[in-house]
Amino acid sequence: MSRDLRLLLQERFQKAFHKAFTIENEIEISASTKENFGDYQCTTPMKLAASLGLAPRAIASKVVENLELTTPIKKIDIAGPGFINIHVDSDWISDTLTYIAKDDLENLGVTKTKTKERIICEFSSPNIAKEMHVGHLRSTIIGDAIANLLEFLGFDVLRLNHVGDFGTQFGMLIGYIKHFHPEKLDNLSEISLEELMQIYKKAKLEFDTSPSFKKEAQEEVPKLQAHEPLSVKVWQEICKISRRSFEAIYKLLNVKILERGESFYSPYLPLVVKECENKGLVTLDGEAKCIFLEGFINSEGNPLPLIIQKKDGGYNYATTDLAGFFYRTKEDKARRIIVVTDMGQSLHFQMVYQAALLAGYVNPEKVRFDHVPFGLVLAPNKKKFKTRAGETEKLTDLLEEAIIEAKALLEGRDVENLDEAATVLGIGAVKYADLSCNRIKDYTFSYERMLKFDGNTAAFILYAYVRIQSIKRKVNRLVNKEAKILLHHPTEISLGLHLLRFNEVLWTFYDDLLPHKLTDYLYHLAEKFHAFFRDCRVEGSSDEESRLLLLDLTAAVIKRGLDILGIKTLERM
Ligand code: ARG
């Protein structure tokens, strides 16, 4: 028997709609917006009114007449212009929860994928020799949460860090070191990141102002591409220096990711251009090879080119991304490709994806592509977050600061290890604050807000978890796995039903890749726990065993939910 509540309701309604009107339309069942309306609602009568030529209420009553009114449905009513409100049978909730608590603790009622398809989740992707900025932090946090979700759902996830390690800026850097600092060539590994960024700035200035250096720098690019040993050596050292600083951030954030930078795809670039030419996709525009795609025009109404090879033979950002599609579908055999970047790159990805379709690199029937865009990170004064010039450590500073502020908050509280707890809370707060705001919108960074103990914050959710642990310690009794979860009080039923929704929330997140759906869920879960705990005695009550089991499940769902968001839990706080 399926335990997926929304699916069960959907099937039930599908049958009723079919019986009533012999239609096979997709039936929409969603959680009710207000609890006193019911548990779920069906709004399909409104959507079908026009095509059936009937009033929504008339449709709704005919559907209800044909609906099998057995468990998990307890009661139905028609409301407003033609909603169908569904009340779920609490005995069914109680049986299902008992089953999960006993036999499905690992999955927590979540249906896992049977196909175990490979999904590529590309995120973070900072640039070598440049600052890793708050945008990259956002990409890292969002991408990691998505990858964690997909892993929990049972997919074969490839987490890729598409670092910018290729292109003209390297010609510039290598040329600059060779020309102005040949003495450094023998001890490149001693260059610090600060120094490297200074070199970058000076090289850029030189590049922009001195035509002769510009030429020299440009000549370095093909040398690197032809694997000229000295160029390759300088390039490798530069990458190493940057990599160290990226790794420090991933360590703090506890994020695992595989580096596969732009340079990885460079052997495929000539082939990709050739194939595009063979398919007749390429137009020469002032000697640059361009792909013109239908529907893409600039602000003046002229066709917008996707440049895949420059006049001088060099390749572009877009060429690498096109090669990325080629490699990820043909070699990695990915069935879904997810790329997390700031919103500024949306147009780029729309165009590259179109080109990849035309080039035959993506079969949309088999491969799903999602560009996951996000808004800016704003400073508390609502201005664009600025890292002070040259300060690459800024991101680590930002995270360290969150840890320091968390430590001040935790001082004097019941924690096992203050430093560890401060790291969990500080990093958790930064991640949660980011994930809980709709990623499409800009997000304002504020330590004060993210570290609040009430409201939609990491601390609030962590505290609910900690409280459950403390109740369990107090009752000091092993959870009896033979007990049954019984639901009596309304707040107890409401908590129970919410626990059963974990499955639909995760699968919704799978579809829309909006992490705030999961944070909202956890926030409500914590609230429902608090309401339950206010209204229902656990210790010494006749329902003690049942309630302990319910709390145990609540804690497990909170822990798993936070784990997907990349946030650790604490046993005490
Ligand atoms: N390195 C780029 C940046 O910092 C992000 C790369 C995004 N991924 C891609 N496949 N283009 O903006």
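Look up: the structure comes first, before these words.
What you see is a predicted model, and the numbers here were worked out from it, not measured in a lab.

(A) Spotlight on the site of the ligand. Neighbouring the ligand are Glu122, Ser125, Asn127, His136, His162, Tyr317, Asp321, Thr341, Gln345 and Phe349. One of the backbone nitrogen or oxygen atoms of Ser125 is found 2.9 Å away from a nitrogen atom of the ligand. Take Asp321: an N or O atom from its side chain is 2.7 Å from a nitrogen atom of the ligand. Notes on the ligand: free accessible area 350 Å², of which the protein chains cover 90%. Here the residues of the shell around the ligand sort into two nonpolar, six polar and two charged.

(B) Seen up close, the sheet that holds strand β10 (residues 303-309). Pairing in this open sheet of three strands is antiparallel, and the strands run β8-β9-β10 from one edge to the other. Because the sheet does not close on itself, it has two edges, and the strands there are β8 (282-285) and β10. Pairwise comparison of adjacent strand axes, ignoring direction, gives a mean angle of 50 degrees for this sheet. Relative to β10, strand β9 (residues 288-297) runs antiparallel, the two sharing five bridges. Its bridge partner being in β10, Ile297 is matched across the sheet by Pro303. Across the sheet, helix α11 (residues 317-330) touches β9 and β10, and the angle it forms with β10 is around 75 degrees.

(C) Quick look at the pairing of strand β3 (residues 73-79). Where β3 and strand β4 (residues 83-88) come together, six bridges link them in antiparallel fashion. Considered in β4, the bridge of Ile73 is made with Val88. Between β3 and β4, which pair antiparallel and follow one another directly, the connecting turn spans three residues, one of which, Gly80, has a positive phi of 50 degrees.

(D) Representation of the pattern of salt bridges. Scanning the entire structure with this criterion turns up 35 salt bridges. As a salt-bridge pair, Glu219 and Lys215 come within 3.3 Å of each other at their nearest N and O atoms. With Glu219 and Lys215 both in helix α8 (residues 211-225) and four residues apart, the pair spans about one turn of that helix. Accessibility expressed as a relative area gives 41% for Glu219, which makes it partly exposed. Linking Asp535 and Arg534 is a salt bridge whose minimum nitrogen-to-oxygen distance equals 2.9 Å. On the basis of relative accessible area, Asp535 is assigned to the partly exposed category, the value being 31%. Look at Arg534 and you get exposed, because its relative accessible area is 61%.

(E) Highlighting empty space enclosed by the protein. Summed over the entire model, instances satisfying the criterion amount to four cavities of 30 Å³ or more. A volume near 50 Å³ is recorded for the second largest cavity. Lining the second largest cavity we find Glu122, Asp321, Gly324, Phe325, Arg328, Ile337, Val339, Phe349 and Phe369. Of all the secondary structure elements, the ones that give two or more residues to the lining of the second largest cavity are α11 and β11 (336-342). Of the residues contributing to the lining of the second largest cavity, the split by class is five nonpolar, one polar and three charged.

(F) Focus on the side chain of Asp332. Turning to its location among the elements, Asp332 is positioned in the loop between α11 and β11. Polar contacts involving the side chain of Asp332 include one to the side chain of Arg260, which spans 2.9 Å. Residues in contact with Asp332, not counting those within four places in the same chain, are Arg118, Ile120, Leu158, Arg260 and Tyr327.

(G) Focus on the nonpolar core. Membership of the largest hydrophobic core comes to 161 residues, with the highest contact counts inside it found for Phe13, Phe17, Ile146 and Leu518. Setting aside residues no more than four positions away along its own chain, Phe17 makes contact with Thr22, Ile23, Ile27, Cys42, Thr44, Pro45, Leu48, Ile59 and Val63. Within the second largest apolar cluster, 36 residues are counted, among which are Leu160, Leu281, Ala318 and Val352.

(H) Here's a closer look at the packing of aromatic side chains. For the structure on display, the rule yields 22 aromatic pairs. These aromatic residues form a ring-pair network of at least three members: Phe264, Tyr265, Tyr268, Phe326, Tyr327 and Tyr361. A cation over an aromatic ring shows up here: Arg260 above the ring of Phe264, its NZ or CZ 4.6 Å from the ring centre. Positioned above the aromatic ring of Phe453 is the side chain of Arg413, whose terminal nitrogen or guanidinium carbon lies 4.6 Å from the ring centre.

(I) Up close: helix α1 (residues 5-21). Look at α1: 24 Å from first C-alpha to last across 17 residues, which is about the 24 Å you get at 1.5 Å a residue. Along α1, the residues classified as buried are Leu5, Leu8, Leu9, Gln10, Arg12, Phe13, Ala16, Phe17, Ala20 and Phe21.

(J) Up close: the environment of Thr554. Its location among the elements puts Thr554 in helix α20 (residues 544-564). The sequence separation of Thr554 and Leu108 amounts to 446 residues, and the corresponding C-alpha distance is 9.8 Å. Those residues in contact with Thr554 that sit more than four places away from it in its chain are Ile468, Leu495, Leu499, Leu525 and Phe529.

(K) The arrangement of the environment of Asp91 in detail. When you line up the elements, Asp91 lands in helix α4 (residues 90-103). Overall, the relative accessible area of 51% leaves Asp91 in the exposed class. Residues Asp91 and Leu486, 395 residues apart in the sequence, show an inter-C-alpha distance of 8.0 Å.

(L) Region of interest: the sheet that holds β3. Spatially, the four strands line up as an open sheet ordered β1-β2-β4-β3, and their pairing is antiparallel. Two strands bound the open sheet, and with one partner strand each, they are β1 (29-31) and β3. Direction aside, neighbouring strands of the sheet carry axes that sit 30 degrees apart on average. Against the sheet, α1 makes contact with β1, β2 (40-42), β3 and β4, and its axis sits at roughly 30 degrees relative to β2, the strand it touches most. Against the sheet, helix α3 (residues 56-65) makes contact with β3 and β4, and its axis sits at roughly 160 degrees relative to β3, the strand it touches most.

(M) Molecular detail of helix α7 (residues 193-209). Taking 1.5 Å per residue, 17 residues should reach 24 Å; α7 reaches 24 Å between its end C-alpha atoms and fits that length. Those residues of α7 that fall on the buried side of the exposure criterion are Leu193, Leu196, Met197, Ile199, Tyr200, Ala203 and Phe207. For α7, the angular spread of buried residues about the axis comes to 155 degrees, placing them on one side. Seen from the buried face of α7, the exposed residues on the opposite side, beyond 90 degrees, are Leu205 and Thr209. The inward-facing, buried residues of α7 contact α6 (168-180), α8 and α9 (229-253).

(N) Molecular detail of the side chain of Glu237. Within the secondary structure layout, Glu237 lies in helix α9. Glu237 sits in the buried class, given a relative accessible area of 15%. Those residues within four positions of Glu237 in sequence are excluded, and the remaining contacts are Leu188 and Ser189.

Rules used in this analysis
- Residues numbered from 1 in each chain as written.
- Predicted model: local features only at pLDDT ≥ 70, side-chain atom pairs only at ≥ 80, totals over all residues.
- Heavy atoms only, no water.
- Near = heavy atom within 4 Å.
- Polar contact = N/O pair within 3.5 Å; in protein donor to acceptor, adjacent residues only side chain to side chain.
- Areas by Shrake-Rupley, 256 points an atom, 1.4 Å probe, with all protein chains shown as cover.
- Nonpolar A, V, L, I, M, F, W, Y, C, P; charged D, E, K, R; others polar.
- Pairing = 2+ DSSP bridges.
- Helix = DSSP H or I, 4+ residues; strand = E, 2+ residues; numbered from the N terminus.
- Axes fitted to C-alpha atoms, helices over the stretch in contact; angles between N-to-C directions.
- Contact = heavy atoms within 4.5 Å.
- Salt bridge = Lys/Arg side-chain N within 4 Å of Asp/Glu carboxyl O.
- Buried < 20%, exposed > 50% of the residue type's maximum accessible area, 1.4 Å probe, protein only.
- 1 Å grid on protein atoms, 1.4 Å probe; cavity = no way out; pocket = protein on both sides within 12 Å on 5 of 7 lines; lining within 4 Å.
- Points joined across faces, edges and corners; volume = space filled by probe spheres on them.
- Core = buried A, V, L, I, M, F, W, Y, C linked by side-chain atoms within 4.5 Å.
- Phe/Tyr/Trp six-rings, centres within 6.5 Å; stacked < 30°, edge-to-face > 60°.
- Lys NZ or Arg CZ within 6 Å of the ring centre and 35° of its normal.
- Expected span 1.5 Å × (residues − 1).
- Arc of directions from axis to C-beta.

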